[in-house]
Amino acid sequence: MRREVPLIITGVVGITLIMSFFIPHTPFNRLEMLFTHWYQIVAAFAIVLGILNLLRVNLDKAYKRQKDWFFGLVVVASFLLIVIPGFLFSGGRSFQEPGTPFFQIYFYVYVPLMSTMFALLAFFVASASYRAFRARNKEATMLLLAAFFVMLGRVPIGYYLSSWLPENYQLAAVADWIMDFPQTAGQRAIMIGIALGIVSNSLRVILGLERAYIGGE
Amino acid sequence: MGVFLFLRKDMSKTRHLFFESKSTFFFLIFVLSLFFLFIPFSARAEETPEIEGETLQETEAPPAPPTDIVAKDTPNDAGNSITITWMKSEDDGAGRNNVMGYEILRSTVVDGEYEFIGNTTVGAQQFMDTDTKDKVEYFYKIKAITQVLSSISLPSRPAMSTQQWFNTDRINTLIAVLTISFAIFYFIRRARGGRKLYVRKIAGLEALNDAVGRATEMGKKVFYVPGIMDMNSMMTIAGITILGKVAQLTAEYETKLEVPTSRSMVMVSCRETVKEAYTNAGRPDAYNDDMIYYLTDDQFGFAAAVDGLFVREKPAAIFLQGHFFAESLILAETGNSINAIQIAGTAAVAQLPFFVAACDYTLIGEEFFAASAYLSEDPKLLGSIKGQDVGKFLFLLAILVGVIFATAGIFDLSKFFVTR
Amino acid sequence: MKFFETLLAIDRRIIFLLVAIAVTLPLFSKAILHIEVSPTVKAVYDAVESLPPGSKVLASFDYDPASAPELQPMALSFFRHCFSKDLKVIIIGLWPQGPVQANIALEDIFRDPEIKAKNLKYGEDYVNLGYMAGNEIVIQSMGSDIHTTFPVDYSGNRTSELPLMKGIKNFDNIDFVYNLSAGYPGTMEWVQFAVDRFHAILGAGNTAVQAPGMYPYVQTGQLVGVLGGMKGGAEYEIIAKRPARAVSYMFSQGVSHAVVVFFVIIGNLAFFATRGKKKESQEVGKK
């Protein structure tokens, strides 16, 4: 029953939701929202599981002085540093309001950290491009040329390099053409393939053919 | 029509259709004739300029009222909705060009009191009243408003909202779903019958064994990242399915496996999968819950944590299989910097170029979804891939036909593919 | 030849250093370079420009601080455009940090003397309805009734009591929807639900990575237009005749792109130079 019950629930819910897409009549019209709300409630409580696991693993690591135990303490301390002010020191206001300690931590710690992580992409793109854009064969050469045109066409330097050319042959125009046509065509093709893959995978999950995600074979 | 009926000698059919008494019938025909002949001409005269404001300049005049008010049950919905359309006022964007918007008024009685239920901007010709009770008749009037004056239309015919059992706008989707599903079921059935199905080699999946083998030889760990989204994403489920196969290999080869997760439910699901895989491989003792752990829901917090783990633990093989966003390149480049063999798989189109550039193998889109079937070699699952291919063939055919028609200037066919 | 082999095996930290210099140094320059406005950005600008004063605009902030460098300039220039045209702005967020980013943008824009002079009032000229969990279900729910979906605003006031929200029921009463998106839920969900089901008029701002995925929707008319990345933000500032942050960052972006292209070129030169040598040594080996 441990595997059968989840499979039955999956099948019934899956088929019902597919039907509700085509049947606007009550109660089908409410099912999508109802199941989404149920899922959100479960996910919200599941966060507690994750937090408890995080605290347990890291405190355990620190207690047993395992490898990198200090980082475990940093994780727990950071967690408490944000949660306690958020819950206890908002002075009756919403914890997200400007001026609260939580907002100060958000604005002066969290925002710069997130921006920094995102900014790392600039460096990684450069190193990945240096390594990947080699004209090894015809296809790689075409990729390289497309990258060349788009990278320069999307910045003002492209204009200065090619302003002497007729308008339709300037780097910006070529970059726009690449984005509008070959790139869009490729995106559409991959999107169609992905959609079909999702349909097939979803059918396998609904019919119970695919069970690995619940520990089945 | 009223005159025609009035003059018609043989009234038997009409009477049979409508009335019992001859005199009542003729009287009503006469009244209807008046209605159809005279009232439309006076409609324009029934402009009821409602004067607002204390003074009225002699040059100001109320705008022309909207006309042709049509109220109908909103189709393909769960009721409680009526759609009202109208021809906009002649002074909306033309004429005096002083219309600022429209107010929608409603009543349950044609000559009763009308209440305000909403407004629209200038130029609008449609409004949806989503506050109706089903099976109750409503009448609507539209008021064109300027800065100080307004004029009101004739009432619409009565309309009632009802629920529909089938959304006819989605019939094209239903046909597509049924066709593709039928193809999938057909090939699953054929595969069950023992017929061998050919599926081309997918390099990334062929390399799974090699990647885990490499980690075993080097005595290093295997890291598996199942994406950053929750269980409601199909990519996460596909990623967890592949995790089962990888876990079976690590159990057989006695290689250490670590699975950092970004969502609690994914953590729980991964634990079930890995535990089962280790049990199937005959190594339940080698399984430990702490192999799969939760880090954080935050995208870049997760990326930072996993990067730190990569750099400190230096795994020999990294699997990035699931739903990723901007952190994909950060993870892949860090993995590349520690010389790990990386096999990525995702259907997030925007992240595919990063994985292709930074990883050794990438499962692109549908290859990623086909992985579980491919790895299991189960005929039933392979049959579903075949059915998927039929769907793709039909799409290709539709695109080809569409291109030919569009080149010939025929665009009507594309309307069939619009989904609402 | 050894030089080319060294180039091929160059430490990535040298690349990082050069990219850091390429990004940082131009920031000290006040140079404003020529920026061509693309049709997709112009379409968004024209759509907002054509709205008469008093029109209702719904702005959905679906991003977090990580994407703020790209999307925040778009938010600022959009707010400036709306407020200068006396449009009424309703802010929501499908990401938890979205409404916070919106408030940060509002604080920023209210420092502009032109906007400050308008003495805009919360509740009458703009509202922030805050974040609502549910992703695309929220959009679907707004198609029926925005008040039910957002019963209170960001500060806890009842939505029905806000003067701006009176008379606004669903997308029928919204003249333009503007979505700033960095992932999921985002522009794709707005197209699938708000545009396809409720016929909303939608313009979008996306990160540079996401923007290419939106072009199919622009081509089909489901999206009025899309602002892609920092350049999209800069183009909007140019067409609105108020060059600001995004425009000033374009010089830095241009130089960094040029540096990456330079690396790609020398990488290929090194590749071809060493490939010739490898072929020679293979042939010698075979002999």
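Quick caveat, the model's predicted, so the values are computed rather than measured.

Novice: Account for the side chain of Ser151(B), with residues named and values stated.
Specialist: By secondary structure assignment, the location of Ser151(B) is in strand S7 (residues 150-152). At a separation of 2.6 Å, a polar atom in the side chain of Ser151(B) contacts the main-chain carbonyl oxygen of Pro63(B).

Novice: Before we move on, can you summarise the packing of aromatic side chains with the specific residues and values?
Specialist: Tallying each qualifying case throughout the model produces 35 aromatic pairs over all chains. Each ring, one from Phe148(A) and one from Phe149(A), has its centre 5.8 Å from the other, and the planes form 75 degrees; the classification is edge-to-face. With relative accessibility at 29%, the residue Phe148(A) sits in the partly exposed group. You can call Phe149(A) partly exposed: its relative accessible area is 28%. Measuring from centroid to centroid gives 5.5 Å for Phe271(C) and Phe272(C), while their planes differ by 65 degrees, and the two rings are edge-to-face. Given the relative accessible area of 14%, Phe271(C) is considered buried. The rings of Phe61(C), Tyr63(C), Phe79(C), Phe83(C), Phe110(C), Tyr122(C) and Tyr126(C) are connected pair by pair, giving a single aromatic cluster. We note Arg170(B) situated over the ring of Phe21(A); from NZ or CZ to the ring centre the distance is 4.1 Å.

Novice: Which residues make up the interface of chain B and chain C, and what are the values?
Specialist: Each side of the interface is counted separately: chain B has 20 residues, and chain C has 17 residues. Together chain B and chain C conceal approximately 1500 Å² of surface at their shared face, both sides included; 49% is due to carbon and sulfur atoms. Of the charged contacts in the structure, one is a salt bridge between Glu333(B) and Arg12(C), with a shortest N-O distance of 2.9 Å. The tally of links between chain B and chain C comes to 6 residue pairs in polar contact (both at pLDDT 80 or more). Those elements that provide at least two residues to the side of chain B that touches chain C are strand S4 (115-121), strand S5 (126-129), helix H9 (299-313) and helix H10 (327-337) of chain B. Counting residues per element, the side of chain B that touches chain C draws most heavily on H10(B), at 3 residues. Along the lines of polarity and charge, the residues of the side of chain B that touches chain C split into 7 nonpolar, 8 polar and 5 charged.

Novice: Let's hear about the nonpolar core: which residues, and what values?
Specialist: Residues Phe78(C), Phe79(C), Phe171(C) and Trp190(C) are the most contacted members of the largest nonpolar core, which totals 69 residues. In terms of residues, this core owes the most to one element, helix H4 (residues 68-84) of chain C, which gives 9 residues. In this view, Phe171(C) contacts Leu58(C), Ile139(C), Met142(C), Gly143(C), Val177(C), Trp190(C), Ala194(C), Phe198(C) and Ala200(C); residues no more than four positions away in its chain are not counted. By size, the runner-up hydrophobic cluster in this structure holds 54 residues, among which are Ala43(A), Tyr213(A), Met231(B) and Val349(B).

Novice: Explain the domain arrangement of chain A to me, using residue names and the numbers behind them.
Specialist: Taken domain by domain, chain A consists of domain 1 (1-88), domain 2 (93-132) and domain 3 (136-202). In this structure, domain 2 of chain A and domain 3 of chain A have C-alpha centres spaced 29 Å apart.

Novice: Outline empty space enclosed by the protein, supporting the account with residue identities and numerical values.
Specialist: In total, this model carries 1 cavity of 30 Å³ or more according to the counting rule given. Here the largest cavity defines a volume of roughly 60 Å³. Around the largest cavity sit Gly153(A), Val155(A), Pro156(A), Gly158(A), Tyr159(A), Ala172(A), His34(C), Ile35(C), Glu36(C) and Lys231(C), which together line it. If one sorts the elements of the lining of the largest cavity by residue count, helix H6 (residues 156-162) of chain A sits on top with 3 residues. The residue makeup of the lining of the largest cavity, split by class, is 5 nonpolar, 3 polar and 2 charged.

Novice: Can you explain the pairing of strand S6 (residues 139-145) of chain B? Please cite residues and give values.
Specialist: All names here are of chain B. The buried fraction of S6 is high, at 6 of 7 residues. Across 7 bridges, the pairing between strand S3 (residues 101-107) and S6 is antiparallel. Bridging from a neighbouring strand, Ser-107 pairs with Phe-139 of S6. In this sheet, S7 lies alongside S6 in antiparallel orientation, the contact comprising 3 bridges. Its bridge partner lying in S7, Lys-143 is registered against Ile-152.

Novice: Give me the pairing of strand S5 (residues 202-206) of chain C: which residues, what numbers.
Specialist: In summary, the side chains of a regular strand alternate between the two faces of the sheet. Residue and element names in this part refer to chain C. Within S5, 5 of the 5 residues are buried, which leaves it mostly tucked inside the rest of the structure. As defined by bridge partners, strand S4 (residues 176-181) adjoins S5 across 5 bridges and the pair is classed as parallel. Along S5, the bridge assignment pairs Tyr-178 with Gly-203. Remark: the S4/helix H9 (residues 187-195)/S5 crossover connection has right-handed handedness.

Novice: If you had to explain the sheet that holds strand S1 (residues 56-62) of chain C to someone new, which residues and values would you point to?
Specialist: All names here are of chain C. Strand order in the open sheet formed by 6 strands is S3-S2-S1-S4-S5-S6, and the pairing between neighbours is parallel. Looking along the sheet, the strands with just one partner apiece sit at the ends: strand S3 (126-131) and strand S6 (226-228). Each strand axis lies, on average, 15 degrees off the axis of its neighbour in the sheet, ignoring direction. Where S1 and S4 come together, 6 bridges link them in parallel fashion. Pairing of Phe-61 across the sheet is with Leu-180, part of S4. On the sheet, helix H3 (residues 39-49) packs against S4, S5 and S6 and is oriented at approximately 130 degrees with respect to S6.

Conventions and cut-offs
Residues numbered from 1 in each chain as written. Chains lettered and ligands numbered in written order. Predicted model: local features only at pLDDT ≥ 70, side-chain atom pairs only at ≥ 80, totals over all residues. Heavy atoms only, no water. Helix = DSSP H or I, 4+ residues; strand = E, 2+ residues; numbered from the N terminus. Polar contact = N/O pair within 3.5 Å; in protein donor to acceptor, adjacent residues only side chain to side chain. Phe/Tyr/Trp six-rings, centres within 6.5 Å; stacked < 30°, edge-to-face > 60°. Buried < 20%, exposed > 50% of the residue type's maximum accessible area, 1.4 Å probe, protein only. Lys NZ or Arg CZ within 6 Å of the ring centre and 35° of its normal. Contact = heavy atoms within 4.5 Å. Buried area = accessible area lost by both parts, 1.4 Å probe. Salt bridge = Lys/Arg side-chain N within 4 Å of Asp/Glu carboxyl O. Nonpolar A, V, L, I, M, F, W, Y, C, P; charged D, E, K, R; others polar. Core = buried A, V, L, I, M, F, W, Y, C linked by side-chain atoms within 4.5 Å. Domains from an automatic or database assignment. 1 Å grid on protein atoms, 1.4 Å probe; cavity = no way out; pocket = protein on both sides within 12 Å on 5 of 7 lines; lining within 4 Å. Points joined across faces, edges and corners; volume = space filled by probe spheres on them. Pairing = 2+ DSSP bridges. Right-handed = clockwise from strand over helix to strand, strands pointing away. Axes fitted to C-alpha atoms, helices over the stretch in contact; angles between N-to-C directions.

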